[in-house]
Amino acid sequence: SSLFFRTLVLICLQLVEFGCGFYYPIMRIIRDKILPNEHRISIINWFRVPLTLLSGLALLFLHDSSGGIPGIFLFCAILMLIAFLCSIRFVRMFGSSNVTLQK
């Protein structure tokens, strides 16, 4: 049982690291192409609010004796799966269309 949870934690950690490694460079490219320059800072700040809330909830969850670190990694892996599914939907909606992106 302990080996299973350690393996699960390792897999979840690798998924989080893999996702973060792709997330930040890709989001910068997408942000530069899609968001207008005059509104870019405001839009980015609105996205930071949920990220800060999720970080705070994760820290609170870390100090709770019922969840702990494996629970946080599982929570992050679930959020990454949701983000992955949303990105697939985004690509299907806008990937092959003739949407004019900002240059």
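Rules of the game
Residues numbered from 1 in each chain as written. Predicted model: local features only at pLDDT ≥ 70, side-chain atom pairs only at ≥ 80, totals over all residues. Heavy atoms only, no water. Patch = residues over 30% accessible without salt bridge, like charges linked within 9 Å, V, L, I, M, F, W, Y side chains within 5 Å. Areas by Shrake-Rupley, 256 points an atom, 1.4 Å probe, with all protein chains shown as cover. Salt bridge = Lys/Arg side-chain N within 4 Å of Asp/Glu carboxyl O. Helix = DSSP H or I, 4+ residues; strand = E, 2+ residues; numbered from the N terminus. Phe/Tyr/Trp six-rings, centres within 6.5 Å; stacked < 30°, edge-to-face > 60°. Buried < 20%, exposed > 50% of the residue type's maximum accessible area, 1.4 Å probe, protein only. Expected span 1.5 Å × (residues − 1). Bend = angle between axes of the 7 residues up to and from the residue. Polar contact = N/O pair within 3.5 Å; in protein donor to acceptor, adjacent residues only side chain to side chain. Contact = heavy atoms within 4.5 Å. pLDDT = per-residue confidence, 0-100.

**Remarks on a nonpolar patch on the surface**
On the surface, Tyr23, Tyr24, Met27, Leu51, Leu54, Leu57, Leu60, Leu74, Phe75, Ile78, Leu79 and Ile82 cluster together into a nonpolar patch covering about 1100 Å² of accessible area. Listing elements by their share of the nonpolar patch, those giving two or more residues are helix H1 (2-34), helix H2 (40-62) and helix H3 (68-94). Per-element tally for the nonpolar patch: the top contributor is H3, with five residues.

**Focus on the environment of Leu13**
Mapped onto the elements of the fold, Leu13 is located in helix H1. As a C-alpha pair, Leu13 and Ala77 span 64 residues in sequence and 8.1 Å in three-dimensional space.

**Some thoughts on the packing of aromatic side chains**
Inspection of the entire model under this criterion finds two aromatic pairs. Residues Phe4 and Phe5 carry aromatic rings whose centres are separated by 5.5 Å and whose planes lie at 65 degrees to one another, so their mutual orientation is edge-to-face. For Phe4, a relative accessible area of 54% gives the class exposed. For Phe5, a relative accessible area of 43% corresponds to the partly exposed category. With centroids separated by 4.7 Å and ring planes inclined at 70 degrees, the aromatic side chains of Phe18 and Phe22 adopt a geometry described as edge-to-face.

**Some points on H1**
For H1, with 33 residues, the first-to-last C-alpha span of 46 Å sits near the 48 Å given by 1.5 Å per residue. Residue Tyr23 marks the point of greatest curvature in H1, where the axis turns by about 25 degrees; the proline Pro25 follows within four residues. Buried within H1 we find Cys12, Val16 and Gly19.

**Focus on the side chain of Arg40**
Mapped onto the secondary structure, Arg40 falls in helix H2. Looking at Arg40, its side chain comes within polar contact range of the side chain of Asp32, at 3.4 Å. A distance of 2.6 Å separates a polar atom in the side chain of Arg40 from a polar atom in the side chain of Asn37. Among all residues touching Arg40, those that are not within four sequence positions of it are Arg31, Asp32 and Leu35.

**Topic: the confidence of the model for the chain**
Chain-level pLDDT for the chain is 77 on average; 83% of the residues reach the 70-or-more range. Within the chain, the element-level pLDDT minimum falls on H2, averaging 78, and the maximum on H1, averaging 83.

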